[in-house]
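Working through the structure, step by step
Below, each chain spelled out in residue letters.
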Amino acid sequence: APYLKRAAASTIDYEAKTVALAGGEVLGYDRLVLACGAVSDPSSVPGLAEHAVDLSAKGFAAPVEAFFEGLGAGRKTVHVAVAKAPYKCPPLPFEVAFLVDAMARRRGVRDRVDIVVTYPVPWPFGGPKAKKAFTEAMAAKNITYLPETQVTSVEEQDGRKLVKVFPEDYHKFAGGEELVADLVLATFPHRA
């Protein structure tokens with residue numbers, strides 16, 4: 001009969017078909033399913049760890065708050081990037097873009113903050129109805145959405161972040177400006 005055992009596995013003997021648990025107990029199995037979970041791993045995208053904020057990490061809101069506190073004069077850009085799919089919580093990057101929009105509006109600076117969302121696939125979740133609702137909401141909030149845009153690297157350039165993407169023609173948007181940002185918020189690639 002199936003049962004649930006809450007314990008950490010310390011070793012697996014595939015030939016003997018046993019799992020040794022922390023504490024010494026050994027369990028046999030007929031079939032073993034390893035569910036390791038997923039963690040952020042920015043190592044496949046050069047510069048991502050150094051120049052972007054991981055949206056799945058605790059405390060990601062502090063850099064957003066610091067961005068607004070140090071906004072100063074002139075236009076600034078917040079780039080919300082999905083580095084690679086799949087990842088935890090597909091709506092998260094869009095929700096973050098909406099929150100950045102709301103923060104800028106509350107502070108009366110929305111006209112000076114550009115928000116760009118890039119995503120490596122055409123649409124990530126919920127089918128046509130979700131796509132329609134979210135893309136219409138982004139358009140109404142003046143959030144630029146660039147689907148099928150893969151982040152390949154992030155680097156510092158004159159105090160701003162240059163986000164290189166594939167295909168390369170997506171480097172140009174909004175009247176021919178390069179895809180540069182003052183704050184990059186990203187879902188980092190995930191691995192088991």
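This text gives an overview of the structure that appears in the document. (Residues numbered from 1 in each chain as written. Predicted model: local features only at pLDDT ≥ 70, side-chain atom pairs only at ≥ 80, totals over all residues. Heavy atoms only, no water.)

**Description of the sheet that holds strand β7 (residues 113-118)**
Strands sit in the order β5-β14-β6-β7-β8 across an open sheet of five strands; the sheet is parallel. In this open sheet, the two edge strands, each paired with only one partner strand, are β5 (53-54) and β8 (143-146). With respect to the sheet, helix α2 (residues 61-69) is in contact with β5, β6 (76-82), β7 and β14 (183-187), its orientation differing from that of β14 by roughly 160°. Seen against the sheet, helix α3 (residues 92-106) touches β6, β7, β8 and β14 and runs at an angle of roughly 175° to β7. (Pairing = 2+ DSSP bridges. Helix = DSSP H or I, 4+ residues; strand = E, 2+ residues; numbered from the N terminus. Contact = heavy atoms within 4.5 Å. Axes fitted to C-alpha atoms, helices over the stretch in contact; angles between N-to-C directions.)

**Regarding α3**
Helix length check: α3, at 15 residues, gives a terminal C-alpha distance of 21 Å against a target of 21 Å (1.5 Å per residue), a fit within 8%. All of the buried residues in α3 are L92, P93, F94, V96, A97, F98, V100, D101, M103 and A104. For α3, the elements touching its buried residues are α2, β6, β7, α4 (127-140), β8 and β14. Looking one or two places after α3, you find G108, whose phi comes out positive at around 75°. (Expected span 1.5 Å × (residues − 1). Buried < 20%, exposed > 50% of the residue type's maximum accessible area, 1.4 Å probe, protein only.)

**Here's the deal with the packing of α3 against α4**
The geometry of α3 relative to α4 is characterised by a closest axis approach of 11 Å and an angle of 25° between their N-to-C directions. Judged by the inter-axis angle, α3 sits roughly parallel to α4. When you trace α3 past α4, the crossing you get is left-handed. Within the contact between the two elements, α3 uses F94, F98 and R105 and α4 uses F134, A137, M138 and A140. Looking at the contact of α3 with α4, its residues break down into six nonpolar, no polar and one charged. (Parallel < 35°, antiparallel > 145°, perpendicular 65-115°, else oblique. Left-handed = near helix turned anticlockwise from the far one by under 90°. Nonpolar A, V, L, I, M, F, W, Y, C, P; charged D, E, K, R; others polar.)

**Considering α2**
Taken as a whole, α2 has its buried residues at V64, F67 and F68. Along the axis of α2, the buried positions cluster into a sector of 95°, meaning they face one direction only. Turned more than 90 degrees from where α2 packs its buried face, A62 and E69 sit exposed. Structurally, α2 contributes buried residues whose contacts are with β6, α3, β7 and β14. (Arc of directions from axis to C-beta.)

**Here's the deal with the pattern of salt bridges**
This structure, assessed with the given rule, holds 11 salt bridges. The residue K161 makes a salt bridge to E156 at a minimum N-O spacing of 3.2 Å. Classification of E156 as partly exposed rests on a relative accessible area of 40%. Between R160 and D182 there is a salt bridge, with its nearest N and O atoms 2.9 Å apart. With R160 in strand β10 (residues 160-166) and D182 in the loop between β13 (180-181) and β14, this pair connects stretches of sequence that are 22 residues apart. Look at R160 and you get partly exposed, because its relative accessible area is 26%. If you follow the salt bridges from partner to partner, you end up with D101, R105, R110 and K141 in one network. (Salt bridge = Lys/Arg side-chain N within 4 Å of Asp/Glu carboxyl O.)

**Let's talk about the nonpolar core**
With 32 residues, the main nonpolar core has F68, F94, V113 and L185 as its most contacted residues. Elements supplying a minimum of two residues to this core: α2, β6, α3, β7, α4, β8 and β14. Broken down by element, the residue count for this core peaks at eight residues, all from α3. Ignoring sequence-local partners within four residues, the contact set of L185 consists of V53, L55, V64, V78, H79, V80, A81, V96 and V100. In terms of nonpolar packing, the next biggest core, distinct from the first, is built from 16 residues, A52, V151, V163 and A181 among them. (Core = buried A, V, L, I, M, F, W, Y, C linked by side-chain atoms within 4.5 Å.)

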